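Per-entry structural report
The chain contents come next:
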Amino acid sequence: MLWAALVMALVLLLNEFGYMNSREHLEQSNRLEQQRVALNNLRTAVIDAETLQRGYLISGDKRYLGPYQLAVSRIEPALDRARSFYVGSQQSLSEFATISRPISRRIAEMEVTVRMRQSGGGDVEWLKAFNTDAGQTYMDTARTGLDRLRQANDRALVVSKRALERNLLAARLVVLLVILLGAAAFYLLVRQSRRIDHIQEERRQLIQQERDQLDTEVRERTVQLSELTTHVMKVQEAERGRMAQELHDEMGALLTAAKLDTARIKSRLGQLGVDDEKITQRLQHLVESLNAGVAFKRQLIEELQPSSLTHLGLRATLENYAREFSERTEISVETDIEPVDLAPDAQLVVFRVMQEALTNISKYAQATHVRVMLHDKKDYALLQVLDDGVGFNVNQKVHASYGLSGMRHRLEAMHGSLRIVSAPGRGTRIEGSLPQARHRMAEPVRQEPPAAAGMEEGSPAMLQAGPAPATLG
Ligand SMILES: Nc1ncnc2c1ncn2[C@@H]1O[C@H](COP(=O)(O)OP(=O)(O)OP(=O)(O)O)[C@@H](O)[C@H]1O
Ligand SMILES: [Mg+2]
């Protein structure tokens, strides 16, 4: 960049210098041309005067006098004009004096002879004067001087024109140089720009490659994670099943044995005729505790693995669970369960989604009323759990919370989907959809907006017909 600026400055300087120099030489050439014209005029005027003087002297014809006087009168201004070109220095003035002096003398001599011829005095007088060599000498000196000055003028003119030509050539070379430099700079610029484009393209490709690689890695990891989650959930279900079985077999056997023993003790006491109120009360309390234990064991088993799904079906299982939840939490639960066509594993997913939704309601919602609905939507079954509780910001991520993401994973693993509609103060609506067995496809289900009936705008999420303020999923 710096060198380019320096070259430009140098070219500018050269150009400016060349222009000044050319102008100077042009002015000098013009001056020399004018000087040459002035010298020629002077020479012509002197020769004219001399010729006309001779004509008059020889012929005595007065018609020569007018033009002669005119020619003489031209000499003095021509001398002044020519002198004006030599006033620059003392040397050139003295050079010019070598012609001006003999010319002035020659004119004076011509005037004398013409006057003598006019006065009509004897021919001898003017003839004598005419024949003297003085006039001729003056004239020769003047002519020689004039020729010398003209030659000097010619030489100076040639020198000046050559200098002008040199300047023109230099200017041409400078222009050529500028064009060449411009072309070189343009070429370098194009090359540089192409190189930059090339580097940028390479970088872009590299970034794209890295991005693609990252995308592939993320996709692979997501698939791995999803598989892992599915596996963990299967293991969890299996573990729950094992625990439910253990509870059923071991705890069930223990509790049954204890209840049997209690009944035996009671009958034995009757046989022995023991009628102690305290013992009877204790036994009654023991039986009640054992019954409570059996009920709790059954509830635990149902929580861990809802056997009612196999025995009673999905509808009864959901209704039972909702009723038990309501009894346990004292939150009123309304159910609207339609028969749907779902495979056993899908039915378990529906149960687990409702279970987690109700658990969340009991933990966070502070709700007074809950609706659980399962509808047959032809292609898919739609589960909706709505509450009139405090709601929450669905866009806010909660750390170490796996309930909602677990719901989504379970549903998506079965080609279904999850939608959460909630906002602070507006209740919560959980919607899970699963393809029905007769329509089950490889593609995930696209869920239509749920059509809950006859609800007003601005009412809580559990009562809204359309989408609530914020949606997750
Ligand atoms: N019905 C609801 N009403 C109000 N807030 C809710 C409701 N359901 C979920 N939330 C909010 O969403 C958050 C995430 O719920 P999620 O079930 O994913 O996790 P969690 O219940 O906190 O933990 P985990 O289920 O893993 O034991 C909760 O912490 C709660 O703030
Ligand atoms: Mg939860």
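Because the structure is predicted, anything quoted here is derived from the model rather than measured.

Tracing the backbone through its elements, the reader meets Met-414 in the loop between helix H10 (403–413) and strand S4 (417–422). Met-414 gets classed as buried once you look at its relative accessible area, which sits at 11%. Residues Met-414 and Glu-250 lie 164 residues apart in sequence; the distance between their C-alpha atoms is 34 Å.

For the rest of this paragraph, the subject is the UniProt feature "transmembrane region" (unreviewed entry) in the protein chain. In the numbering adopted here, UniProt assigns the feature "transmembrane region" (unreviewed entry) to residues 169–190. The span residues 169–190 shows a helical share of 100% and a strand share of 0%, and its end C-alpha atoms are spaced 31 Å apart.

All right, on to the packing of helix H1 (residues 2–59) against helix H2 (residues 65–83) then. Two elements in contact, H1 and H2, have axes whose closest approach is 8 Å; the angle formed by their N-to-C orientations is 155 degrees. Taken together, the axes of H1 and H2 lie roughly antiparallel to each other. Along this stretch, H1 crosses H2, giving a crossing that reads as left-handed. Of the residues contributing to the contact of H1 with H2, the split by class is 17 nonpolar, four polar and three charged.

Our focus in this paragraph is the site of ligand 1. In the vicinity of ligand 1 there are 15 residues, among which Glu-356, Asn-360, Tyr-364, Tyr-402 and Leu-404 approach most closely. Glu-356 is positioned such that a nitrogen or oxygen atom in its side chain is 3.0 Å from an oxygen atom of ligand 1. In the model, a nitrogen atom of ligand 1 is placed 3.0 Å from a nitrogen or oxygen of the Asp-387 side chain. In the complex, the protein chains occlude 81% of the 600 Å² of accessible area that ligand 1 would expose alone. Elements supplying a minimum of two residues to the shell around ligand 1: helix H9 (344–365) and H10. Here the residues of the shell around ligand 1 are counted per class, giving seven nonpolar, five polar and three charged.

Taken together, the side chains of Leu-169, Leu-173, Leu-176 and Leu-180 present a nonpolar region at the surface, about 410 Å² in accessible area. For Leu-176, the position within the fold is in helix H5 (residues 133–271).

Tetrahedral coordination by four donors places them ideally at 109.5 degrees to one another around the metal; octahedral coordination by six donors ideally gives 90 or 180 degrees. Every protein donor of the magnesium ion (ligand 2) is listed here as Glu-356 (OE) and Asn-360 (OD1), and their distances to the metal cover 2.0 to 2.2 Å. Of this pair, Glu-356 and Asn-360 are both found in helix H9, four residues apart, which corresponds to roughly one turn of the helix. According to the relative accessible area criterion, Glu-356 is partly exposed, its value standing at 22%. For Asn-360, a relative accessible area of 16% corresponds to the buried category.

A separate point is the side chain of Ser-29. Along the chain, the position of Ser-29 falls in helix H1. Residue class for Ser-29 comes out buried when judged on its relative accessible area of 6%. Setting aside anything within four residues of it in sequence, one finds Ser-29 in contact with Leu-157, Ser-160 and Lys-161.

This brings us to the nonpolar core. Counting residues in hydrophobic clusters, the biggest one holds 33 residues, and the most contacted among them are Leu-358 and Val-385. At the level of secondary structure, the elements contributing two or more residues to this core comprise helix H8 (314–329), H9, strand S2 (369–377), strand S3 (380–387), H10, S4 and strand S5 (428–435). Considering each element in turn, this core owes the most residues, ten residues, to H9. Other than its neighbours up to four places away in sequence, Val-385 contacts Met-354, Ala-357, Leu-358, Ile-361, Val-370, Arg-371, Val-372, Thr-428, Arg-429 and Ile-430. Ala-71, Ala-82, Phe-96 and Leu-146 belong to the second largest nonpolar core, which has 27 residues in total.

Attention now goes to the packing of H5 against H10. Two elements in contact, H5 and H10, have axes whose closest approach is 11 Å; the angle formed by their N-to-C orientations is 100 degrees. As far as their axial angle goes, H10 and H5 are roughly perpendicular. For the pair H5 and H10, the contacting residues are Ser-226, Thr-229, Thr-230, Met-233, Gln-236, Glu-237 and Arg-240 in the first and Gly-406, His-409 and Arg-410 in the second. Among the residues making up the contact of H5 with H10, the classes are represented as one nonpolar, six polar and three charged.

Residues with a pLDDT of 70 or more make up 91% of the protein chain, whose mean pLDDT is 87. Contacts for the low-pLDDT stretch residues 442–473, under 50 throughout, to residues beyond four places or in other chains number 78 contacts.

This part covers the pairing of S2. Relative to S2, strand S1 (residues 332–337) runs parallel, the two being bridged by six bridges. Bridging from a neighbouring strand, Asp-336 pairs with Met-373 of S2. Handedness of the crossover joining S1 and S2 through H9 is recorded here as left-handed. The pairing of S2 with S3 spans eight bridges and is classified as antiparallel. Bridge pairing in S3 links Val-372 to Val-385.

Rules used throughout
- Residues numbered from 1 in each chain as written.
- Chains lettered and ligands numbered in written order.
- Predicted model: local features only at pLDDT ≥ 70, side-chain atom pairs only at ≥ 80, totals over all residues.
- Heavy atoms only, no water.
- Helix = DSSP H or I, 4+ residues; strand = E, 2+ residues; numbered from the N terminus.
- Buried < 20%, exposed > 50% of the residue type's maximum accessible area, 1.4 Å probe, protein only.
- UniProt positions renumbered as here; feature names shortened; annotations may be inferred.
- Axes fitted to C-alpha atoms, helices over the stretch in contact; angles between N-to-C directions.
- Parallel < 35°, antiparallel > 145°, perpendicular 65-115°, else oblique.
- Left-handed = near helix turned anticlockwise from the far one by under 90°.
- Nonpolar A, V, L, I, M, F, W, Y, C, P; charged D, E, K, R; others polar.
- Near = heavy atom within 4 Å.
- Polar contact = N/O pair within 3.5 Å; in protein donor to acceptor, adjacent residues only side chain to side chain.
- Areas by Shrake-Rupley, 256 points an atom, 1.4 Å probe, with all protein chains shown as cover.
- Patch = residues over 30% accessible without salt bridge, like charges linked within 9 Å, V, L, I, M, F, W, Y side chains within 5 Å.
- Salt bridge = Lys/Arg side-chain N within 4 Å of Asp/Glu carboxyl O.
- Donors = N, O, S within 2.8 Å, 3.2 Å for Na, K, Ca; no water.
- Contact = heavy atoms within 4.5 Å.
- Core = buried A, V, L, I, M, F, W, Y, C linked by side-chain atoms within 4.5 Å.
- pLDDT = per-residue confidence, 0-100.
- Pairing = 2+ DSSP bridges.
- Right-handed = clockwise from strand over helix to strand, strands pointing away.

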